[in-house]
Amino acid sequence: QVHLVESGGGLVQAGGSLRLSCVASGDILDGHTVAWFRQQPGNEREFVAAIWWTGGDTNYADSVKGRFTISREAAKNTVNLEMNSLKPGDAAVYYCAATFGWSSRYESSHLYDRWGQGTQVTVSS
């Protein structure tokens, strides 16, 4: 089974950039949908972006379109999230999630059965 580990979080000023990585072990990501979610204190986990590993199709939340880019690195069995023009509202714990196959419900956290431990992103104004 896939085991996910996120990295790359940290403190950045508003307008800055960060790159998050989600490294998978235990199984290859081919055939999986991999997504990034984020969670702020007191709120539910919010969909950010998803990629279908096999076809490369990507989807984004409206709040991050044009600023965030999700991509895959086959050789490293890794999914990255490039975040640009960060805003204070982007501050959250970011989680990587995976499930086998592709579903139109990719925005639902309930679809995913594998989760990483999360990485904190802090954006100062």
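Everything here concerns the structure above.
This text gives an overview of the structure that appears in the document. In this text, all values refer to a predicted model and were calculated from it rather than measured experimentally.

**Thoughts on the state of the cysteines**
Joining two cysteines, a disulfide is a covalent bond between their sulfur atoms.
For step 1, the next point in the chain: As enumerated under the stated definition, the model contains 1 disulfide in all.
For step 2, the next point in the chain: With a sulfur-sulfur separation of 2.0 Å, Cys22 is cross-linked through a disulfide to Cys96. The chirality of the disulfide connecting Cys22 with Cys96 is left-handed, given an S-S dihedral of about -75°. Placement of the pair is Cys22 in strand β3 (residues 18-25) and Cys96 in strand β9 (residues 92-100), with a sequence separation of 74 residues.

**What to know about unusual backbone geometry**
For step 1, the next point in the chain: One non-glycine residue, Asn77, lies in the positive phi region at around 50°.
For step 2, the next point in the chain: Looking at where Asn77 falls in the secondary structure, it is placed in the loop between β7 (68-73) and β8 (78-83).
For step 3, the next point in the chain: Of note in this structure, Ser85 is not a glycine but carries a positive phi near 50°.

**A short note on the sheet that holds β3**
For step 1, the next point in the chain: If you walk across this open sheet you meet the 4 strands as β1-β3-β8-β7, and the pairing is antiparallel. Strands with a single pairing partner mark the edges of an open sheet, and in this sheet they are β1 (3-7) and β7. Taken pair by pair, the neighbouring strands of this sheet meet at an average axis angle of 15°, ignoring direction.
For step 2, the next point in the chain: Note: β1 against β3, 5 bridges, orientation antiparallel. The partner of Leu4 across the bridge, within β3, is Ala24.

**Topic: the pattern of salt bridges**
For step 1, the next point in the chain: Applying the stated criterion across every chain yields a total of 7 salt bridges.
For step 2, the next point in the chain: Lys76 is paired through a salt bridge with Glu73; the nearest N and O atoms lie 3.7 Å apart.
For step 3, the next point in the chain: On the basis of relative accessible area, Glu73 is assigned to the partly exposed category, the value being 24%.
For step 4, the next point in the chain: A single salt-bridge network, built from bridges that share partners, covers Arg19, Glu73, Lys76 and Glu82.

**Re the nonpolar core**
For step 1, the next point in the chain: Counting 37 residues, the largest nonpolar core has Trp36, Leu81, Met83 and Tyr94 as its most contacted members.
For step 2, the next point in the chain: Those residues within four positions of Met83 in sequence are excluded, and the remaining contacts are Gly16, Ser17, Leu18, Leu20, Arg67, Phe68, Tyr94 and Val121.

**Considerations on the side chain of Thr119**
For step 1, the next point in the chain: Considering the arrangement of structural elements, one finds Thr119 in strand β11 (residues 119-124).
For step 2, the next point in the chain: In this structure Thr119 comes out as buried when scored by relative accessible area, which is 10%.
For step 3, the next point in the chain: A polar contact of 3.2 Å, which involves the side chain of Thr119, links it to the backbone nitrogen of Gly9.

How each quantity is defined
Residues numbered from 1 in each chain as written. Predicted model: local features only at pLDDT ≥ 70, side-chain atom pairs only at ≥ 80, totals over all residues. Heavy atoms only, no water. Disulfide = S-S within 2.5 Å. Helix = DSSP H or I, 4+ residues; strand = E, 2+ residues; numbered from the N terminus. Pairing = 2+ DSSP bridges. Axes fitted to C-alpha atoms, helices over the stretch in contact; angles between N-to-C directions. Salt bridge = Lys/Arg side-chain N within 4 Å of Asp/Glu carboxyl O. Buried < 20%, exposed > 50% of the residue type's maximum accessible area, 1.4 Å probe, protein only. Core = buried A, V, L, I, M, F, W, Y, C linked by side-chain atoms within 4.5 Å. Contact = heavy atoms within 4.5 Å. Polar contact = N/O pair within 3.5 Å; in protein donor to acceptor, adjacent residues only side chain to side chain.

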